[in-house]
Amino acid sequence: MKVDGRHFRSIWRGTDGWSVSAIDQRRLPHEFVIARLTNCVEAAEAIRSMLVRGAPLIGATAAYGMALAMKDDRSDAGVDRAYQMLIATRPTAINLKWALDEMRRMLRPLAPSARSDAAYARADDIAEEDVGINRGIAENGLALIEAIAAAKPGETVNVLTHCNAGWLATVDWGTATAPIYLAHDRGIKVHVWVDETRPRNQGASLTAWELGHHGVPHTVIPDNTGGHLMQHGKVDLAIVGTDRVAANGDVCNKIGTYLKALAAHDNGVPFYVALPSPTIDFTVADGITQIPIEQRGAEEVTHMTGRTPDGRIETVRIVPEGSPVANYAFDVTPARLVTGLITERGVLKADRASLAAAFPERIATAAE
Ligand code: MRU
């Protein structure tokens, strides 16, 4: 996707051929800064600190983290150490484990001398595959938007999204945003309601930034606005991303997604989830009881950061000193509230049979 006319991905290999560059998402929307990752420790810290975030990008960064590790220590112990360091960064997005398993499975049988080149090549492939997958999601989701546009000729299609499942959360295109970008590029009038997504505001700071730079009309709304808009016919469909889809079709995504799904259900608004196949976890039978929910620091809730009128970036406290705080980063939307799963292999029902029929090879790797 483009930033001021120049094409960017969220992560790429540096011109030196070995370091890894990524957009520092902690600094957006106020500053556009490229970070350089030079070893596995820095890659792990980039994921943990949310310099990079979003399930598919976490996976791609972890793959590059393994490649950076192989540059420094190609031994069996080095493979295991890097795997353990990276897997410990964030618990919910299954793309992290998927990418690390892919890398370890490929690296272990190789002679140590071959591991560095092979790791970079596979990490490049994982990044490239993500772009291709998201392009498939774009095409499959576009049909849903086209159908709504055809039913209200000349009118704007209003899509609600939560958090950032945009190109910044992936390597390019995004998942939830992929059909939106394609619809916009093909001349369909589309407008996006962007949930601000407290406490870290990925919607307000990242999704709005992305959509604005691509010229997609959008409106940022406080998180609690969606139900009201749906009651008044101002949302044609919701499309969100996900960090992990259980075998039964339950969807784990950014905290607050469940409430949007409930409101959509009550108002007859289609609620779609866009996902790349590495986000499916066939080892989890029931999403609500089995997906680990990350709990993050209180300061994300007690404080807010923004730009002052004179251009300084300042952090201020908004909660009284001493008030206890809970910060659950994700929730699970039961499959029954999901209208469909937009994947690279089509729009599926959110149930085990449909997921298993579309992605049988993922069942096989889950059983390993
Ligand atoms: O905590 P984050 O910002 O990593 O959470 C991101 C989300 O919840 C996204 O919706 C999800 O990872 C899908 S990204 C295509």
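Note: the structure precedes this text.
This structure is a prediction, so every number in the text was calculated from the model and none was measured. (Residues numbered from 1 in each chain as written. Predicted model: local features only at pLDDT ≥ 70, side-chain atom pairs only at ≥ 80, totals over all residues. Heavy atoms only, no water.)

A.B. asks: Would you take a moment to explain the overall build of the chain for this structure?
C.D. replies: For the chain, the helix and strand inventory stands at 13 helices and 18 strands. Against the globule reference of 21 Å for 368 residues, the chain gives a C-alpha radius of gyration of 20 Å, in line with a compact fold. With the C-alpha coordinates aligned to their principal axes, the bounding extent of the chain is approximately 60 × 55 × 45 Å. Counting only residues that meet the buried cut, the chain has 57% of its 368 residues in that class. Here the chain has roughly 14,600 Å² of accessible surface; of this, 53% comes from carbon and sulfur atoms. Here the chain carries 38 positive and 44 negative side-chain charges, and the mean point of each set is 1 Å from the other. (Helix = DSSP H or I, 4+ residues; strand = E, 2+ residues; numbered from the N terminus. Rg over C-alpha atoms; globule rule 2.2 N^0.38 Å. Buried < 20%, exposed > 50% of the residue type's maximum accessible area, 1.4 Å probe, protein only. Areas by Shrake-Rupley, 256 points an atom, 1.4 Å probe, with all protein chains shown as cover. Lys, Arg positive; Asp, Glu negative; His and termini not counted. Charge placed at Lys NZ, Arg CZ, Asp CG, Glu CD.)

A.B. asks: Honestly, the environment of Val33 in this entry has me stumped. Any pointers?
C.D. replies: With respect to the helices, strands and loops of the structure, Val33 is situated in the loop between β4 (20-23) and β5 (34-37). Accessibility expressed as a relative area gives 23% for Val33, which makes it partly exposed. Sequence separation of Val33 and Ile23 is 10 residues, and the distance between their C-alpha atoms is 6.0 Å. Apart from the residues lying within four places of it in its own chain, the contact partners of Val33 are Ala22, Ile23, Asp24 and Arg27. (Contact = heavy atoms within 4.5 Å.)

A.B. asks: Got a minute to help me understand the side chain of Asn201 in this structure?
C.D. replies: On the secondary structure map, Asn201 appears in the loop between β7 (190-195) and α7 (202-214). If we ignore the near neighbours within four places in the chain, the residues touching Asn201 are Glu196, Leu206 and Met304.

A.B. asks: How should I be thinking about the packing of aromatic side chains in this particular structure?
C.D. replies: Geometrically, a pair of aromatic rings is defined through the distance of the ring centres and the angle of the planes. Scanning the entire structure with this criterion turns up 4 aromatic pairs. Ring geometry for Phe32 against Trp209: centres 5.8 Å apart, planes inclined by 15°, an arrangement best described as stacked. Here Phe32, found in the loop between β4 and β5, pairs with Trp209, found in helix α7; they are 177 residues apart in sequence, far enough to count as distant. Here Phe32 falls in the partly exposed class, since its relative accessible area comes to 32%. (Phe/Tyr/Trp six-rings, centres within 6.5 Å; stacked < 30°, edge-to-face > 60°.)

A.B. asks: Got a minute to help me understand the site of the ligand in this structure?
C.D. replies: Residues in contact with the ligand amount to 18 residues; listed here are only the nearest, Arg90, Gln202, Asp243, Asn253 and Lys254. Here an oxygen atom of the ligand sits 3.0 Å away from a polar atom, N or O, in the main chain of Gly54. Between Asn253 and the ligand, the recorded distance is 2.6 Å, taken from a side-chain N or O atom to an oxygen atom. With the chains in place, 99% of the 410 Å² that the ligand exposes on its own is no longer accessible. If you list the elements that add at least two residues to the shell around the ligand, you get α2 (55-72) and β11 (251-254). Grouping the amino acids of the shell around the ligand by side-chain chemistry returns 7 nonpolar, 7 polar and 4 charged. (Near = heavy atom within 4 Å. Polar contact = N/O pair within 3.5 Å; in protein donor to acceptor, adjacent residues only side chain to side chain. Nonpolar A, V, L, I, M, F, W, Y, C, P; charged D, E, K, R; others polar.)

A.B. asks: Help me understand the nonpolar core, please; the structure alone is not making it clear to me.
C.D. replies: Most often, soluble globular proteins have nonpolar side chains that are buried together. Membership of the largest hydrophobic core comes to 80 residues, with the highest contact counts inside it found for Ile11, Met66, Leu86, Val157, Trp167, Trp173 and Ile239. Ranked by the residues each element gives to this core, the list is headed by helix α5 (residues 112-151), at 14 residues. Dropping the residues within four chain positions of it, Leu86 is found in contact with Cys40, Ala43, Ala44, Ile47, Ala62, Gly65, Met66, Leu96 and Leu100. If you look at the next biggest cluster of nonpolar residues, it comprises 30 residues, including Val235, Phe271, Leu348 and Phe359. (Core = buried A, V, L, I, M, F, W, Y, C linked by side-chain atoms within 4.5 Å.)

A.B. asks: Even after reading the chapter, I still don't get α2, so can you show me in this structure?
C.D. replies: Note on helix geometry: an α-helix contains 3.6 residues per turn, so any two residues three or four positions apart are oriented the same way. The end-to-end C-alpha distance of α2 is 26 Å, a good match for the 26 Å that 18 residues give at a rise of 1.5 Å each. In terms of burial, α2 is largely enclosed, as 16 of its 18 residues are buried. (Expected span 1.5 Å × (residues − 1).)

That's the geometry; what it means functionally is another story.
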